[in-house]
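Examining the three-dimensional arrangement
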4 protein chains.
Amino acid sequence: MNLTKYILQIHCPDQKGLIAGTTQVLAKAGANIIDMTQHTAKDIETFFLRAVFEIEEENIVEIERHVQTLEKHLQLNWKLFNTTKTPRIAIFVSKTDHCLYDLLLKHRDGVLPCEFSCIVSNHTDLGPVGGSFGVPFYYVPSNQDKSIQENRFREIISETKTDAIVLARYMQILSAEFTQEYLYKVINIHHGFLPAFKGAKPYHQAWRKGVKIIGATAHFATEDLDQGPIICQDIQRVPETVSIEELVQLGKDIEKRTLSAALKLWLEHRVFVFAGRTFIL
Amino acid sequence: MNLTKYILQIHCPDQKGLIAGTTQVLAKAGANIIDMTQHTAKDIETFFLRAVFEIEEENIVEIERHVQTLEKHLQLNWKLFNTTKTPRIAIFVSKTDHCLYDLLLKHRDGVLPCEFSCIVSNHTDLGPVGGSFGVPFYYVPSNQDKSIQENRFREIISETKTDAIVLARYMQILSAEFTQEYLYKVINIHHGFLPAFKGAKPYHQAWRKGVKIIGATAHFATEDLDQGPIICQDIQRVPETVSIEELVQLGKDIEKRTLSAALKLWLEHRVFVFAGRTFIL
Amino acid sequence: MNLTKYILQIHCPDQKGLIAGTTQVLAKAGANIIDMTQHTAKDIETFFLRAVFEIEEENIVEIERHVQTLEKHLQLNWKLFNTTKTPRIAIFVSKTDHCLYDLLLKHRDGVLPCEFSCIVSNHTDLGPVGGSFGVPFYYVPSNQDKSIQENRFREIISETKTDAIVLARYMQILSAEFTQEYLYKVINIHHGFLPAFKGAKPYHQAWRKGVKIIGATAHFATEDLDQGPIICQDIQRVPETVSIEELVQLGKDIEKRTLSAALKLWLEHRVFVFAGRTFIL
Amino acid sequence: MNLTKYILQIHCPDQKGLIAGTTQVLAKAGANIIDMTQHTAKDIETFFLRAVFEIEEENIVEIERHVQTLEKHLQLNWKLFNTTKTPRIAIFVSKTDHCLYDLLLKHRDGVLPCEFSCIVSNHTDLGPVGGSFGVPFYYVPSNQDKSIQENRFREIISETKTDAIVLARYMQILSAEFTQEYLYKVINIHHGFLPAFKGAKPYHQAWRKGVKIIGATAHFATEDLDQGPIICQDIQRVPETVSIEELVQLGKDIEKRTLSAALKLWLEHRVFVFAGRTFIL
């Protein structure tokens, strides 16, 4: 008997019997639930469920059929992921390499269950890094019309069978069309503790305000710059005597671990987006 | 229809179908699952489940019967808590009052779902605090035989219908007999980051070692002093220029919030003890 | 020989010889430097120095004379504090008591080197707390013209010889005139991680944004609501499944320790305000 | 006029006039103090001072002479560092590369003011990393007598003009002779929160104890395994559902940032060792 591992994500208006109902659907189809997490956000009366289960491949259609039946009745939003299909992730970078290295090294360490399909950059500097880790590198200069540039992105995404994009300190703004097209499939790292320090030079802003703690925020890129749903945040206390330049350096450790952590959550299908924010299960 | 809220705790050797099985038992008895958390500790192949559900009071026996049937078959350890029965907690103190106040204030704020049955102390100093919060105060001096003292504890526990004890900086050691009698029902706060600084004067030990971060540990009191299962820990960075006395003061904030947090986890029936440690669900 | 402990605060444009110059002035007057901290903020080319020293009371005028001589020449800003004059602090509260208790208990514990001159409130609820800690309580209702109310504050400040004010979750806005009059002498606790969540209901804002970490900010009250210089901040990770109400409760621990810590820094004369922010030495 | 930047470290029994005395010595020799930090550890009545100053190279002998004069009189321990002489650091590794990469990348980023003189390993795996960063790689197998191995270390240290060693997850134990020879010049990263989890497999120990927070500790290697003075520590909260393997992965982020931070402190001459612990200024 050959079992496949699937992950089911559900969210819907809260109502009685949702957990019992879901487990029954899975049980009937012969699925073995390995892991199940559930949360009801009472403030918005919404139910979230993530179930990891093993099933004989041929029986998965039965589950899909059952869930579809419930869909209208319960106003169900659901997604089903076959974990044997490894997501292919593109990494977009500019010149800074700390996030890129952290992703590549953690991936090689087995922490990030994905393949890196390509590295895309508006500079050539980090090409050799791609080379030494065996990830194809694409140079797409930014001194051209943004629509031409983004069409090139679409080609690369298609060629490399890319499922999602990680902006690892990519210093260009993506168009509203592009982020809409790949909605909740583009993860950005903002080097500030959103929603406080949007826009450019967040560490400079933080220093000028004299904040005592800085942070980094991994979020989905949306058309509202630095306002997409937050996936992951981390912080570090600011030594009082730090200069702006030292603050920038300090921030890099937070940035890289926050971005890697966000990608990991996304790859494990733990991220739900609802009511303008995420819920992580 | 008058529903009662219950919490079911289960842990047992990991095996297929545990989640589906449990939800079926609950569904059959007409229970509505509100919240369910489950975790499988792969390193020890053990399954943990906590389910919160509402049910008509008369149907709870059906669930008990079903779970008992599974007990032997699945080597099930289980407990069922009726949440309408508010636990009665005794607070043991000596002279220091920061943990006592934190517990009393958080309780009054509605954060801790319990009643404080009494305050017990080997000093009279904190009697007035009991008075101003309306909690009966018992003075049990420590200059007597420990067995006499602990018999007095047993009487007080019985008189005040106490379910569990919180040692809120109580500076006396309980006997092995006593901690065994109330196993996993006595929560202690150790003012050190266990297992590092057992025994007396942990902040002095920490200062002498030059540790850069101190912590507090809430744990169950067992016969092995400061070695009982850890429920909750918290830390704080040590400013390099701190004296031992300042370290002691610094630690108090961590102690009080850690102890209150541990009691809250226990009252919500989130604490499982297995294989010499806790699992918090 | 009867020595008095003083604290000297200096800040001025950075230039050569400032440390040597200052220590010479102190040495000449027979002062014994106990503790000296210095920081040059390179980004704004400004020098900050805090020196703690002991001196025969009669010689302090010599130091004042010397420093005044340097004042124009070096564009020196300076303050000199006699540590035997214990600052008298008023606590303003509304109905919430967690910050009030934390201040009173830490004070009794010897952590806060001040006297509490009075508790002022727009409600009568917390009067008994004042009573049990022996701090006079003044009820100044808010259902009257703000200028009448603030004149009453001025009277109380005068009667009780108050040096500074701590707003311990005081839920009224002070006028621009009042905050200007007591500039950098009114410390507020904002229950959000400024500058992110200004204004009302910051935890509600935080929950809606789905931030993963919340914080509290102690800052000087100025005419720009929630924009005064930040003194102290602290944070706590937000469990993903938390409700808004639980978030509010969670925040209280951070609020109280952040406010007490800010007051402590201010009492130790460690807080410098320059260029719209603080520098803590 | 050509100025050289020096750093002076002093520690001695506490006594009056130390700060004034030191600044006078520096002023007389025409030194310009840029930065000065001082701390008196009252619990052991010891004074620590770190001063950064600029001076004409020819005048430094005058300062040395003055300080030597004070040496006996004040029981002064002192060191003087010429900051134009960049320390040369050897990195010892085994097979794990996360700490190695973090050091190399932060160095290239300008964060670590040193040169890496060589990478030494008991395995050949990480040779290519050395190559791509231009740092010579030495393979010293561990399947030989430890004294032969350590003599080879001494040769390499001499050949490469190495000043100090960083053990970046080097999985061999150095002999008491070797650590004594390079006392306070060998920095180790222990993947546990010392002094709690000494010895092998600290994450396994931590998981079994059910600790709620793990940490890493950078310390000087001494003959007492994992007991040398602590330089730097950092921590991370343990998600309750984590496996041992995930704990190991989680720990890597803490390890790498803690080790890099410790090296930075050492390179900036901020680390004092006294009374069996460090004081960081």
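Residues numbered from 1 in each chain as written. Chains lettered and ligands numbered in written order. Predicted model: local features only at pLDDT ≥ 70, side-chain atom pairs only at ≥ 80, totals over all residues. Heavy atoms only, no water.

**A few points about the interface of chain D and chain C**
Rules: The contact criterion used is simple: two residues touch if any of their non-hydrogen atoms lie within 4.5 Å. Summed over both partners, the accessible area (1.4 Å probe) lost when two parts come together is defined as the buried area. A pair is scored as a salt bridge if a Lys or Arg side-chain nitrogen falls within 4 Å of a carboxyl oxygen belonging to Asp or Glu. N or O atoms within 3.5 Å of each other form a polar contact, as long as, within protein, one can give a hydrogen and the other can take it, and as long as residues adjacent in sequence are counted only when both atoms are side-chain atoms. Runs of H or I in DSSP of at least four residues are treated as helices and runs of E of at least two as strands, each being numbered from the N terminus.
Residue-level contacts link 15 residues of chain D with 14 residues of chain C. Roughly 1,300 Å² of surface becomes buried between chain D and chain C when both sides are summed, with 54% attributable to carbon and sulfur atoms. On the surface where chain D and chain C come into contact, there are zero salt bridges. Across the contact surface, chain D and chain C share seven residue pairs in polar contact (both at pLDDT 80 or more). Taken together, the elements giving at least two residues each to the side of chain D that touches chain C come down to helix 1 (18-28) and strand 2 (32-41) of chain D. Here the side of chain D that touches chain C gets seven residues from one element, more than from any other, and that element is strand 2 of chain D.

**Quick notes on the relation of the copies chain C and chain A**
So the rule is basically this: Residues reaching a pLDDT of at least 70 in both copies supply the C-alpha atoms on which the copies are superposed by least squares.
Rotating chain C by 180° about the axis while translating it 0.0 Å along that axis superimposes it on chain A, leaving an RMSD of 0.0 Å. Taken together, these values place the two copies in the relation of a two-fold axis. When C-alpha positions in chain C are compared against the rotation axis, the closest is assigned to Ala196(C), at 2.1 Å. Both copies share a contact surface, since 100% of the interface residues of chain C are interface residues in chain A too.

**Notes on the nonpolar core**
Heads up, the condition is: The criterion is simple. A nonpolar core is a set of buried Ala, Val, Leu, Ile, Met, Phe, Trp, Tyr and Cys residues joined through side-chain atoms within 4.5 Å. Each residue is placed in one exposure class: buried if its accessible area under a 1.4 Å probe, protein chains only, is under 20% of its type's maximum, exposed if it is over 50%, and partly exposed if it falls in between.
Counting residues in each nonpolar core, the largest one holds 213 residues, and the members touching the most others are Phe116(A), Phe116(B), Phe116(C) and Phe116(D). Dropping the residues within four chain positions of it, Phe116(A) is found in contact with Ile89(A), Ile91(A), Leu103(A), Leu104(A), His107(A), Val135(A) and Leu263(A). Ranked by size, the runner-up nonpolar core spans 46 residues in total, among them Cys12(A), Cys12(B), Met36(B) and Leu80(B).

**Digging into helix 5 (residues 146-159) of chain D**
All names here are of chain D. So the rule is basically this: Working rule for helices: expected span equals 1.5 Å times residues minus one. Comment: arc refers to directions from the helix axis out to C-beta atoms.
The end-to-end C-alpha distance of helix 5, which contains 14 residues, comes to 20 Å, matching closely the 20 Å that a straight helix rising 1.5 Å per residue would cover. What helix 5 keeps buried is the set Gln149, Glu150, Phe153, Ile156 and Ile157. Looking down the long axis of helix 5, one finds its buried residues gathered within 110° of arc, a one-sided arrangement. For helix 5, the secondary structure elements touched by its buried residues are strand 5 (88-93), strand 6 (115-121), strand 7 (137-139), strand 8 (164-167) and helix 6 (176-181).

**Re the confidence of the model for chain A**
Selection criterion: A residue's pLDDT is simply how confident the predictor is in it, with values from 0 to 100.
For chain A, per-residue confidence averages 94 on the pLDDT scale, and residues scoring 70 or more make up 100% of the total. Per the prediction output, this complex has pTM 0.95; the corresponding ipTM is 0.92.

**Observations concerning the interface of chain C and chain A**
Operational definition: Side-chain classes are defined by residue name, with Ala, Val, Leu, Ile, Met, Phe, Trp, Tyr, Cys and Pro counting as nonpolar, Asp, Glu, Lys and Arg as charged, and the others, Gly among them, as polar.
With 33 residues of chain C in contact, the opposing surface of chain A contributes 33 residues. Between chain C and chain A, the buried area comes to about 2,900 Å², and carbon and sulfur atoms account for 60% of it. Applying the counting criterion to the chain C and chain A interface returns four salt bridges. Between Asp234(A) and Arg237(C) there is a salt bridge, with the nearest N and O atoms lying 3.1 Å from each other. Among the elements of the structure, strand 2 (32-41), helix 7 (202-209), strand 11 (230-237) and strand 13 (277-280) of chain C are those that each provide at least two residues to the side of chain C that touches chain A. The element contributing the most residues to the side of chain C that touches chain A is strand 11 of chain C, with seven residues. When its residues are assigned to classes, the side of chain C that touches chain A shows 18 nonpolar, seven polar and eight charged.

**Describing the domain arrangement of chain A**
All names here are of chain A. Operational definition: As used throughout, domain bounds are those supplied by an automatic or database domain assignment.
Domain annotation of chain A identifies domain 1 (3-82) and domain 2 (88-280). Taken together, the 12 residues of domain 1 in the interface contact nine residues of domain 2. Both sides together, the interface formed by domain 1 and domain 2 hides about 940 Å², and carbon and sulfur atoms give 70% of it. Interface area lost by domain 1 to domain 2 is led by Gln9, Phe48 and Arg50, which between them contribute 49%. The tally of links from domain 1 across to domain 2 stands at zero salt bridges. Across the domain 1-domain 2 interface, the total number found is four residue pairs in polar contact (both at pLDDT 80 or more).

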